[in-house]
Amino acid sequence: MTHQESGYKQASRRLGQYIAAHGMRVSMERQILLRMFCTGRRKWTVAELVSQAEKEHICRATVYNALRVLTEAEIIRVCSPAGASRKTEYELNETGQNRIRMICTKCGRQTELKDTGIARLVGEKKYSNFVMSRFELTVYGECKVCRKMKATK
Ligand SMILES: [Zn+2]
């Protein structure tokens with residue numbers, strides 16, 4: 001399983017929960033849009049989304065509707081544009097997801113691991129007096145660059 005696939009599965013599950021909770025119908029078009037966000041993990045402007053969606057025979061109004069639902073479900077979010085371009089961009093909202101970070105104790109470099117066996121293991125744990133919504137896990141050690149530097153010294 002690739003990271004992107006598992007990211008899509010997780011996002012798709014969250015969307016499913018949101019749809020069920022709000023009594024909405026399951027829409028194929030929303031799933032296609034969601035997959036676009038999960039594949040490549042890039043930012044999308046509305047114009048880009050519309051043009052990409054049109055290739056899948058999804059009309060503009062449906063794209064707007066799907067964006068609203070995905071934003072409300074906090075699966076995607078609006079990211080404020082950095083440059084001079086004032087176009088609204090959307091990206092996958094990963095803050096609500098489980099996180100596993102690796103931090104190098106030498107240089108402070110942080111890398112993120114996504115949905116490995118560990119995430120599943122921790123995520124499926126049940127506690128009698130606590131309901132987990134998400135978790136963060138940090139693994140400390142030495143990164144590849146620092147290890148290489150040590151080896152050449
Ligand atoms: Zn390092």
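Above this text sits the structure in question.
Summary of the structure given here. (Residues numbered from 1 in each chain as written. Predicted model: local features only at pLDDT ≥ 70, side-chain atom pairs only at ≥ 80, totals over all residues.)

A closer look at the overall build of the chain
Reasoning step 1: Looking only at helices and strands, one finds six helices and six strands in the chain.
Reasoning step 2: Relative to its 153 residues, the chain shows a buried fraction of 15%.
Reasoning step 3: Of the contacts formed within the chain by residues at least 6 apart in sequence, a portion of 61% connects residues at least 24 apart. (Helix = DSSP H or I, 4+ residues; strand = E, 2+ residues; numbered from the N terminus. Buried ≥ 20, exposed ≤ 12 C-beta atoms within 10 Å, placed from the backbone. Contact = placed C-beta atoms within 7 Å.)

Quick word on the nonpolar core
Among soluble globular proteins, nonpolar side chains are generally buried collectively.
Reasoning step 1: If you look at the biggest cluster of nonpolar residues, it comprises 20 residues, and the most contacted ones within it are L33, L34, F37, L70 and I75.
Reasoning step 2: For this core, the secondary structure elements donating two or more residues are α1 (3-21), α2 (28-38), α4 (60-72) and β3 (89-92).
Reasoning step 3: Discounting residues that sit within four places of it in the chain, L70 has contacts with R30, L33, L34, I75 and I76. (Core = buried A, V, L, I, M, F, W, Y, C linked by C-beta atoms within 7 Å.)

Concerning the sheet that holds strand β1 (residues 44-45)
Reasoning step 1: Within the open sheet, the three strands sit side by side as β1-β3-β2. Their pairing is antiparallel. Two strands bound the open sheet, and with one partner strand each, they are β1 and β2 (76-79).
Reasoning step 2: Sheet analysis places β2 next to β3, joined by four bridges and oriented antiparallel. Its bridge partner being in β3, C79 is matched across the sheet by E89. (Pairing = 2+ DSSP bridges.)

Section: unusual backbone geometry
Reasoning step 1: At H57, a position not held by glycine, the phi torsion is positive, near 60 degrees.
Reasoning step 2: Take H57: it is sitting in the loop between α3 (46-55) and α4.
Reasoning step 3: Judged by C-beta crowding, with 9 C-beta atoms within 10 Å, H57 ranks as exposed.
Reasoning step 4: With a phi angle near 60 degrees, E74 is a residue other than glycine that sits in the positive phi range.
Reasoning step 5: As for its placement among the helices and strands, E74 is situated in the loop between α4 and β2.

Concerning α4
Reasoning step 1: When the terminal C-alpha atoms of α4 are compared, their 18 Å separation across 13 residues agrees well with the 18 Å that a helix rising 1.5 Å per residue should span.
Reasoning step 2: Listed as buried for α4 are V63, A66, L67, V69 and L70.
Reasoning step 3: Here the buried face of α4 lies against α2, α3, β2 and β3.
Reasoning step 4: Within two residues after α4, E74 carries a phi angle of roughly 60 degrees, on the positive side. (Expected span 1.5 Å × (residues − 1).)

A few points about the sheet that holds strand β4 (residues 99-104)
Reasoning step 1: If you walk across this open sheet you meet the three strands as β5-β4-β6, and the pairing is mixed. The open sheet is flanked by β5 (110-113) and β6 (136-141), the only strands paired with a single partner. Here the strands of the sheet are splayed against their neighbours by 25 degrees on average, with no regard to which way each runs.
Reasoning step 2: Where β4 meets β5, four bridges bridge the pair, whose relative direction is antiparallel. Bridging across to β5, I103 finds its partner in Q110. (Axes fitted to C-alpha atoms, helices over the stretch in contact; angles between N-to-C directions.)

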